[in-house]
Amino acid sequence: MKKELICIECPRGCVLTATDTGNGDLCISGNHCPRGADYARAEVTCPRRILTGTVRGVHGRVPVRTDSAVRKELMLPLMKVIHAVQLTDAVRAGDIIVENIDGEGHHLIASSDG
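Keep in mind it's a predicted model, so treat the numbers as computed, not measured.

With respect to the sheet that holds strand β2 (residues 15–20)
Item 1. With respect to topology, 3 strands assemble into an open sheet ordered β1-β2-β3, the strand pairing being antiparallel. Only two strands of the sheet have a single neighbouring strand rather than two, namely β1 (2–6) and β3 (26–29). Neighbour-to-neighbour, the strand axes of this sheet turn through a mean angle of 20°, independent of strand direction.
Item 2. Relative to β2, β1 is paired through 5 bridges, and the arrangement is antiparallel. Bridge pairing in β2 places K2 opposite T19.

Here's what the structure looks like:
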């Protein structure tokens, strides 16, 4: 297996190639720093993203996000959870809206007051 990626760890945007060596390891090339190799390994083995959205609040929609990156494969199920949230009280930026939203310790938090 061979996969090409554009590194997003710094502005340089290195074109990375991740190649499966056949023994369960990845050979990463094209990176100009160690962060590129780490990024490629993570992106190929278990990609993660910050999930953003909005929930129904007391006075309209409130922007929310996960406090850290969650597994990309969980994005759709987590969006269904977010869609079902209805706030009953006003919140402040940083307040936890849903604790442990993904079962791995990541929380859904308010991005701004609402």
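Structure shown, so let's carry the discussion forward.
Examining helix α1 (residues 34–45)
Item 1. The first and last C-alpha atoms of α1 sit 17 Å apart over 12 residues, in line with the 16 Å expected at 1.5 Å per residue.
Item 2. Buried residues along α1 sit in contact with β1, β2, β3 and β4 (48–49).

Examining the environment of C10
Item 1. In this structure, C10 sits in the loop between β1 and β2.
Item 2. For the pair C10 and T52, spaced 42 residues apart in sequence, the C-alpha separation works out to 22 Å.

Here's the deal with the pairing of β2
Item 1. As defined by bridge partners, β2 adjoins β3 across 4 bridges and the pair is classed as antiparallel. When the sheet's bridge partners are listed, D20 is paired in β3 with L26.
Item 2. Following β2, the chain reverses through 5 residues before pairing antiparallel with β3; G22 in that reversal takes a positive phi of roughly 100°.

Looking at the sheet that holds strand β9 (residues 108–110)
Pairing between the strands of a sheet is mediated by backbone hydrogen bonds and can be parallel or antiparallel.
Item 1. If you trace the 4 strands from one edge of the open sheet to the other, you get β5-β6-β9-β8, paired in antiparallel fashion. Of all strands in the sheet, those bounded by a partner on one side alone are β5 (52–57) and β8 (96–98). Within the sheet, the average angular offset between the axes of one strand and its neighbour, ignoring direction, is 45°.
Item 2. Strand direction decides the pairing type here: β8 and β9, joined by 2 bridges, are antiparallel. Its bridge partner lying in β9, I96 is registered against I109.
Item 3. Strand contacts of helix α2 (residues 75–84): β5, β6 (60–66) and β9, with the helix running at about 20° to β5, the strand carrying the most contacts.

What to know about the pattern of salt bridges
Item 1. Under the defined criterion, the tally for this structure stands at 5 salt bridges.
Item 2. Here R48 makes a salt bridge to E104, at a shortest N to O gap of 3.7 Å. Taken together, the positions of R48 in strand β4 and E104 in the loop between β8 and β9 put the pair 56 residues apart, joining distant regions of the chain.
Item 3. Overall, R48 belongs to the partly exposed group, its relative accessible area being 34%.
Item 4. A relative accessible area of 34% places E104 in the partly exposed class.
Item 5. As a salt-bridge pair, R92 and D113 come within 3.4 Å of each other at their nearest N and O atoms. Of this pair, R92 sits in the loop between α2 and β8 while D113 sits in the segment after β9, and the two are 21 residues apart along the sequence.
Item 6. Taking the relative accessible area as the measure of exposure, R92 reaches 56% and is therefore exposed.

Criteria and thresholds
- Residues numbered from 1 in each chain as written.
- Predicted model: local features only at pLDDT ≥ 70, side-chain atom pairs only at ≥ 80, totals over all residues.
- Heavy atoms only, no water.
- Pairing = 2+ DSSP bridges.
- Helix = DSSP H or I, 4+ residues; strand = E, 2+ residues; numbered from the N terminus.
- Axes fitted to C-alpha atoms, helices over the stretch in contact; angles between N-to-C directions.
- Expected span 1.5 Å × (residues − 1).
- Contact = heavy atoms within 4.5 Å.
- Salt bridge = Lys/Arg side-chain N within 4 Å of Asp/Glu carboxyl O.
- Buried < 20%, exposed > 50% of the residue type's maximum accessible area, 1.4 Å probe, protein only.

Geometry only, nothing functional implied.
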